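Examination of the molecular architecture
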Amino acid sequence: MAFKKWPFMNKNKTIEEKDDKIKIIPDHVAIIMDGNGRWARQRGLPRIAGHKQGMDNVKRIVEVANSYQIKVLTMYAFSTENWKRPEKEVNYLMKLPNDFLNVYLPDLIEENVRVQMIGHFEQLPSHTKKAVRRAIDQTKHNTGLILNIAMNYGGRSEMVEVVKSIAEDIRQNQIDVDQIDESLINDRLFTSHLPDPDLLIRTSGEIRLSNFLLWQLAYTEFWFTEAYWPSFSEREFREALLAYQQRKRRYGALS
Ligand code: IPE
Ligand code: IPE
Ligand code: MG
């Protein structure tokens, strides 16, 4: 299996000053932030109130991840299938990056967080693209946690793009079929610059991937919680980290 080496790989790091029970920190945590609508419904609120609360929780969890010295946090914010939702809800979700950054970008800069995005950028509305570009640009020299937002992301459409780009290179005689291997595919994914997630968390009790990082999650450890995303707290995050460090990662070999 092709593993990408990555500059700040640092397994078995201890962070005693933060939490003496947690000794193995995943480099890359991916989160399917689910349950905003149900969180709101439970409180008699409109679904968008759940999305607003979910947005604020992104900031809280970024701080927690930062305090545990996690390197990359990939957050699933909008899937290629979420366009099927009512127009009003989609419009609200497309406005959220701007709202989020208006409130939190100064803090993110201060906290040395680097914002990045994966997903089909061009199909986003222009105001959404503008907000995302601003965040990426203003944090590009930061060296701390990478906050990687998956926006208009779908694992299958990502693979379709990879296949098309390889086919095009073959047609133009840039590469030969025999040169196609795992690392060539890896290099064409949205996540080419990142290590695969070590830990995947999904909130809201749903036990499925919903088209998230299909290639990259091949050997990721999964952790699920009933908590709806807006009420997913540091306590649950810590539980996930505790579970993660109990896992024996064998990658098909014997331990
Ligand atoms: C997750 O919450 C946010 C997005 C998918 C955009 P949902 O909106 O899916 O909330 P539920 O699953 O309907 O409760
Ligand atoms: C997955 O949640 C997508 C995001 C969290 C952005 P969904 O709510 O869209 O997933 P399904 O429809 O329950 O599978
Ligand atoms: Mg959902």
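Figured I'd write up the structure that's included with this text. (Residues numbered from 1 in each chain as written. Chains lettered and ligands numbered in written order. Predicted model: local features only at pLDDT ≥ 70, side-chain atom pairs only at ≥ 80, totals over all residues. Heavy atoms only, no water.)

**A look at the pattern of salt bridges**
Proximity of charged atoms lets side chains of opposite charge pair with each other. Test applied: One speaks of a salt bridge when a side-chain nitrogen belonging to Lys or Arg is within 4 Å of a carboxyl oxygen belonging to Asp or Glu. For each residue, the accessible area found with a 1.4 Å probe, counting protein chains only, is set against the maximum for its type, and the residue is called buried under 20%, exposed over 50%, and partly exposed in between. In this text, helices come from DSSP runs of H or I with a minimum length of four residues, and strands from runs of E with a minimum of two, each type numbered from the N-terminal end.
For the coordinates displayed, the defined rule picks out 22 salt bridges. Across the salt bridge formed by Asp-137 and Lys-140, the nearest N and O atoms sit 2.9 Å from each other. Here Asp-137 falls in the partly exposed class, since its relative accessible area comes to 44%. Arg-249 is paired through a salt bridge with Asp-198; the nearest N and O atoms lie 3.0 Å apart. One end of the pair, Arg-249, is in the segment after helix H7 (234–246); the other, Asp-198, is in the loop between helix H6 (182–186) and strand S5 (199–202), and 51 residues separate them in sequence. When its relative accessible area of 7% is taken as the criterion, Asp-198 is described as buried. Ionic contacts of the salt-bridge type, sharing partners, join the residues Asp-34, Arg-38, Arg-202, Glu-206 and Arg-208 into one network.

**A short note on the sheet that holds strand S1 (residues 28–32)**
Short version of the rule: Here a strand pair is declared whenever DSSP counts at least two bridges between the two strands. Lines fitted to C-alpha atoms define the axes, with helix axes restricted to the stretch in contact, and inter-axis angles between N-to-C directions lie between 0 and 180 degrees. It only takes one pair of heavy atoms within 4.5 Å for two residues to be counted as in contact.
The strand order across the open sheet formed by six strands is S3-S4-S2-S1-S5-S6, and the pairing between neighbours is parallel. This sheet does not close on itself; its edge strands, each paired only once, are strand S3 (114–118) and strand S6 (221–224). Geometrically, the sheet is characterised by an average inter-axis angle of 20° between neighbouring strands, direction not taken into account. In terms of strand pairing, S3 meets strand S4 (residues 146–153) through five bridges, oriented parallel. Across the sheet, Met-117 pairs through a bridge with Ile-149, a residue of S4. Contacts from helix H4 (residues 126–139) reach S3 and S4 within the one sheet, and its direction differs from that of S3 by about 140°.

**What to know about the site of ligand 2**
Under the convention used in this document: We call a residue near a molecule or strand as soon as one heavy atom of that residue lies within 4 Å of the molecule or strand. Polar contact is defined as a pair of N or O atoms within 3.5 Å, subject to the rule that within protein one atom must be able to donate a hydrogen and the other to accept it, and that residues adjacent in sequence are counted only when both atoms are side-chain atoms. In short, Shrake-Rupley with a 1.4 Å probe defines the accessible areas, and a residue's cover is counted only from the protein chains shown.
In the vicinity of ligand 2, the contacting residues are Ile-32, Met-33, Asp-34, Tyr-76, Ala-77, Phe-78, Asn-82, Arg-85, Arg-202, Arg-208 and Ser-210. Contact distances for ligand 2 include 3.2 Å between an oxygen atom and a side-chain N or O atom of Arg-85. Taking Arg-202, its side chain carries an N or O atom lying 3.3 Å from an oxygen atom of ligand 2. For ligand 2, the protein covers 78% of the area, taking 390 Å² as the surface of the free molecule.

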